Amino acid sequence: MATRALNFSLAHPDPNPGYVAALSRLEASVARADQLAVQQRDGFGEVRAASAQKRELRRKMRRTHLRHLATVAESADKERPGLAEKFVLAPEAAPYMAFRAAAQGFASQVQTEKELLVKHGLLEPIFESFAQSLQEFDRAVERGTEGRRAHVGARAELDAIADEAIQIVRYMDGLNRFRFASDPESLAGWQSNSNVFGPPRSSATKPSPGSPPQGGEIKPAA
């Protein structure tokens, strides 16, 4: 990471205005990259947590609320033929959004046929718990969406900052090769600490959003 090149440069200051300006830009890039790394990590965490919450809520609703509603609808179907068909349980492994649509369909049908369903055994506390779980499910979906937006956005900006940092270090490399021309030990230290970046990425070679960062190296310009 650019941190090593930055730390070396801070330990080997140079009053040259161009070098000072480049160092300031590199320091700002490293600070922003640290912030984005936290944002990316937290975004991934939010997505994982939201997925776990959605999975648990789907299991809870399907095995308790929806099963109760389907059973009541079967009984009411004798009085209102065709009603049971509107309360068919979605497969356990159905996609979250497909499950959400089906569950919302159950809720809408209950509101429409509530009097009949209560007559055939619908328990109000179960329906209220179901409605609450649906709201929690929606919040979990939004949580996952926000987390995904955060980590994808952070990844894109990190790519841009990495490209900028590479250019800054390349500029500093030319200056350091000149000022350390008679100091092999310092020059070797600079080369070791600045040789940590991957080559500049074109749009064709950048990783897809959300993919983990990949390492690489370049040799400082001769």
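Residues numbered from 1 in each chain as written. Predicted model: local features only at pLDDT ≥ 70, side-chain atom pairs only at ≥ 80, totals over all residues. Heavy atoms only, no water.

*Asks:* I keep staring at the pattern of salt bridges and nothing clicks. Help me out?
*Replies:* Here the idea is simple: oppositely charged side chains can pair when their charged atoms come close. Going through the model one piece at a time under the given rule, you end up with 12 salt bridges. In this structure, Arg-41 and Asp-42 form a salt bridge, with 3.3 Å as the shortest nitrogen-oxygen distance. For Asp-42, a relative accessible area of 39% translates into the label partly exposed. Where Arg-80 meets Glu-113, a salt bridge forms, and the shortest distance between an N and an O atom there is 2.5 Å. Within this pair, whereas Arg-80 is found in the loop between helix H2 (17-76) and helix H3 (96-112), its partner Glu-113 is found in the loop between H3 and helix H4 (114-119), the two being separated by 33 residues in sequence. Exposure remark for Arg-80: the relative accessible area of 37% places this residue in the partly exposed category. (Salt bridge = Lys/Arg side-chain N within 4 Å of Asp/Glu carboxyl O. Buried < 20%, exposed > 50% of the residue type's maximum accessible area, 1.4 Å probe, protein only. Helix = DSSP H or I, 4+ residues; strand = E, 2+ residues; numbered from the N terminus.)

*Asks:* Even after reading the chapter, I still don't get the packing of H3 against helix H5 (residues 124-179), so can you show me in this structure?
*Replies:* Packed helices, taken two at a time, are described by the angle their axes make and the gap between the axes. Closest axis-to-axis distance for the H3/H5 pair is 11 Å, and the angle between their directions is 150°. Overall, the two elements H3 and H5 adopt an arrangement that is roughly antiparallel. Our pair here, H3 against H5, has a crossing hand that is left-handed. Listed contacts from H5 to Tyr-96, Met-97, Phe-99, Arg-100, Ala-103, Gln-104, Phe-106, Ala-107, Val-110 and Gln-111 of H3 are Phe-127, Phe-130, Leu-134, Phe-137, Asp-138 and Val-141. (Axes fitted to C-alpha atoms, helices over the stretch in contact; angles between N-to-C directions. Parallel < 35°, antiparallel > 145°, perpendicular 65-115°, else oblique. Left-handed = near helix turned anticlockwise from the far one by under 90°. Contact = heavy atoms within 4.5 Å.)

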